[in-house]
Amino acid sequence: MSNKNTFNLIIAGYGGQGVLTMAKIIAYAAMFAGYDVKQAELHGLAQRGGSLICQVRFGKKVYSPLIRQGNADLIIGLEILETLHACYYADKNKTIILANSEFYNPYLFEQKGIDSQKIIKDIKSFGLKTELISASKIIKKVIKDTAMINTFMTSYAVEKKLLPIREKFILQAMKEKFRKIFWEDNLKVFQIAKLTAKNK
Amino acid sequence: MDPVLKNTKKELLLGNEAIVRGALEVGLSFATTYPGTPASEVGNVLAKIAKKLGIYFEFSTNEKVALETAAGAAFSGLPAMVSLKHYGLNVALDSLLPLIYLECPLVVVVADDPGSWSSIQTEQDSRWISRLGHLPTLEPSDSQEAKEMTKYAFKLTKKYKIPVLIRLTTRVCHTRSLVKYGKIFPTKKKGNFYKTKNLSATGSLPTIERHKNLLSKIKEIEKSELLKTKLNKIFKDNSNKVGIIASGVSYYYAKEAINEIGINLPILKIGFSYPFPKDITKKFIKNLEKVLIVEETDAIIEYEIRQIAKNVNPKLKIYGKDLLPQIGEMRPEYVLVALSKILNKSLPKNLVNNQKYFKLQKIEKRLPNLCPGCPHRATFWIVKKALGKNKIFAGDIGCYLLGALPPYKMADYIVAMGASVGLSHGVSKSTGKKPVIFIGDSTFFHAGIPALINTVFNKSDVLIIILDNRITAMTGHQPHPGTGITGLGEKTKALKIEEVVQSCGVDSVEVINVYNINESIVKVKKAYQKKGISVVVAKGECRLLTVRKLARIGVRTPKFEIFRQSPNLEILKDFGCPAIRKHKGKYYIDENVCWGCGVCRQIFPKNIRLKK
């Protein structure tokens, strides 16, 4: 962990993708692992499909709930346009960016000419290392819909050791925080993400 | 089990949840609120746990009533608390100010929203109200402090017989951090009201007498509490000539900045900010050459310091809002930049780099939307089809304020809870035109009724559309007087909006089912044609609520599909459902997004069908 022993994680996505849940799971896992934790989130109207960034900081002693601009250790993006927004926090010499490479057009109805390949190129220019993965394509193989990208990305980051928290703490937090009816599907997604990470 | 009730040594809590835990640890017995983000979770958590603990809790019809109700409990000897968002405190202010004179032992929690993350009106700094009303005020920096200060607030309010304000900001309300748990204190189930002249004595003499008492009480608090409290504290008291004074979450941004620069600067942390702690401030600034003041949002502490420094250290260089923004929320990088400037230090490379390159990046913005299947979208569509786009449209506070955004753009003004009605009445009287008002169910009960009565009384000419989605949706699905359920989860009378409207004297009242498009269009047209005040109650349950109800019983929402392409489908662009998309000239419905309201099928019955 850099920056005087505090790990700085940004989670970016849009309202409805499970950004809040993911931040909460990781924050709880960090607590179970014995760290001091601060996790900043936003509620209310901004969530109705709009851009959403959550922050999780953990370490021996955490002061600010907000990460300072340009000082993230890891950015996990659930969608690429939102990942680019989160590059406000990126450091060319430090930040690892792990992003779901799928693009969800921010405009209603029609795809306006947004070049998703250019977005990916721009994201790469902000971080030390960028890892892209098409999450929902893989998720579709194990469950009915394409939800739970949040669980996929969490599991992937843990398996790749990008997120310095042990798997057992993440699973413990998931088990405690997810509703029972969603637990099984989440576990399936968690396992397929783990497998994907191993083979990649 | 709710995290605030866990039998554990420490727990991750939002600042709002920590307020509740703190209150439980001193025997909270009575709590009220009207939902408002960023304060919402205080009420939401209480709604879940109050009954079990024997606490009385209610969602009141508005903040003024909420505060008055809690004050009634406080006068009856129960530990009582009201929680509000910043504008909510404004609504309640009329009663709060006299309650301070009347020695009401009430804890008031207010959540300001610097950065306007969940608010559209203003970036109000509620600490001005502390000064307006002589209201002792505490400013926690994180969840642990939120809990501790709540406990302290209950002690203060009892000891000095005065309301106490706990002032939060978004990043305190909505940050999870670790909280050490104490024991939950049993609630007091029954209060006693003692008849006394003190509450009812009227006339200018008693008022002046009370004012005098209040000011001497504030003096007493300054002398006794402020001298011994640990909420105002000097850290790293050393010989360094540059210091920082900070309150709330800004204190932690200052800590981070100091750590990054690597110089041990002294900090004065202000936790008890009204009455202002003059003595510790004098001691702190006496030998400094420069001081940086970090606070959200206005320069309130800065103003106090400037006054104190005049006598104690006139040469002191005071930095505050000249280096830090007064607009938007405080951020760690702003404090780092300001402090580096004062100390003449260079900025970290990764900050400089990001500042340079990220600024150049042009990124498309993702605006918030009404949910797929939202009844408000159907209502906007109906009204647009019935009346066109060129009427004067008034918006109000609720999810439907998103009707101001494309593709509808049907809100010419949005001001404050219930303000749509009064404002439109004024516009109508001045222009002779007939504005169309969109106001939600909870907002109507909150502040719409007096304004509605005014339109009848003063012979207005407006069309009021009350969007009845059966819940207070935007703040997270709290019940209201039309829901039939109280904050404690008990059954109660469900007021019918159309009956309320009728009893206010409105003759033209029409009820529509917004999921029945064609019939609703006809009814809205007719309602508009009537001279004078007419009301349409647009019924349609919040789709998110419907979907959640269905999920609970294991039912998946139906999905629709486009089975026949047609150039006419381009019209759906103006409908603005996030599930309906066009790709490479073909129209389709994203089944991961569709929540099955079926309005699009009503618009295009020959092209869209239920997906099997």
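Computed from a predicted structure; not experimentally measured. (Residues numbered from 1 in each chain as written. Chains lettered and ligands numbered in written order. Predicted model: local features only at pLDDT ≥ 70, side-chain atom pairs only at ≥ 80, totals over all residues. Heavy atoms only, no water.)

1. Side note on the sheet that holds strand β19 (residues 534–539) of chain B
Residue and element names in this part refer to chain B. The parallel open sheet is built from five strands, whose spatial order is β15-β16-β17-β19-β18. If you trace the sheet from one side to the other, it starts and ends with β15 (393–394) and β18 (508–513), each paired once. Helix-sheet contacts for helix α15 (residues 419–431) involve β15, β16 (436–440) and β17 (463–468), and the interaxial angle to β16 is about 165°. Sheet strands touched by helix α18 (residues 517–529): β16, β17, β18 and β19. Its angle to β18, the strand with the most contacts, is close to 165°. (Pairing = 2+ DSSP bridges. Helix = DSSP H or I, 4+ residues; strand = E, 2+ residues; numbered from the N terminus. Contact = heavy atoms within 4.5 Å. Axes fitted to C-alpha atoms, helices over the stretch in contact; angles between N-to-C directions.)

2. Some points on the side chain of R68(A)
Among the structural elements, R68(A) can be located in the loop between β3 (51–59) and β4 (74–77). By relative accessible area, R68(A) is classed as buried at 6%. Of note is the side chain of R68(A), whose polar atom sits 2.7 Å from the side chain of E260(B). Excluding anything up to four places from it in sequence, R68(A) contacts Y89(A), E260(B), P332(B), E333(B), L336(B), P348(B), N350(B) and L351(B). (Buried < 20%, exposed > 50% of the residue type's maximum accessible area, 1.4 Å probe, protein only. Polar contact = N/O pair within 3.5 Å; in protein donor to acceptor, adjacent residues only side chain to side chain.)

3. Quick notes on the side chain of T151(A)
Residue and element names in this part refer to chain A. One can find T151 in helix α6 (residues 149–159). By relative accessible area, T151 is classed as buried at 3%. Beyond its immediate chain neighbours, meaning those up to four positions away, T151 contacts M174, F178, N186, V189 and F190.

4. Here's the deal with the domain arrangement of chain B
Structurally, chain B comprises domain 1 (3–192 + 203–224), domain 2 (233–360), domain 3 (375–550) and domain 4 (556–610). On a C-alpha basis, the centroid separation for the pair domain 1 of chain B and domain 4 of chain B is 48 Å. (Domains from an automatic or database assignment.)

5. Examining the sheet that holds strand β7 (residues 129–133) of chain A
Here we have eight strands laid out as an open sheet, ordered β7(A)-β5(A)-β4(A)-β1(A)-β3(A)-β2(A)-β8(B)-β1(B), and mixed in their pairing. The sheet terminates laterally at β7 of chain A together with β1 (10–14) of chain B, the two strands that pair on one side only. Neighbour to neighbour, the strand axes of the sheet diverge by 20° on average, direction disregarded. Where strand β1 (residues 6–14) of chain A meets β3(A), nine bridges bridge the pair, whose relative direction is antiparallel. Among the inter-strand pairings, T6(A) is bridged to a residue of β3(A), identified as G59(A). Seen against the sheet, helix α6 (residues 143–160) of chain B touches β1 and β8 (175–180) of chain B and runs at an angle of roughly 55° to β8(B).

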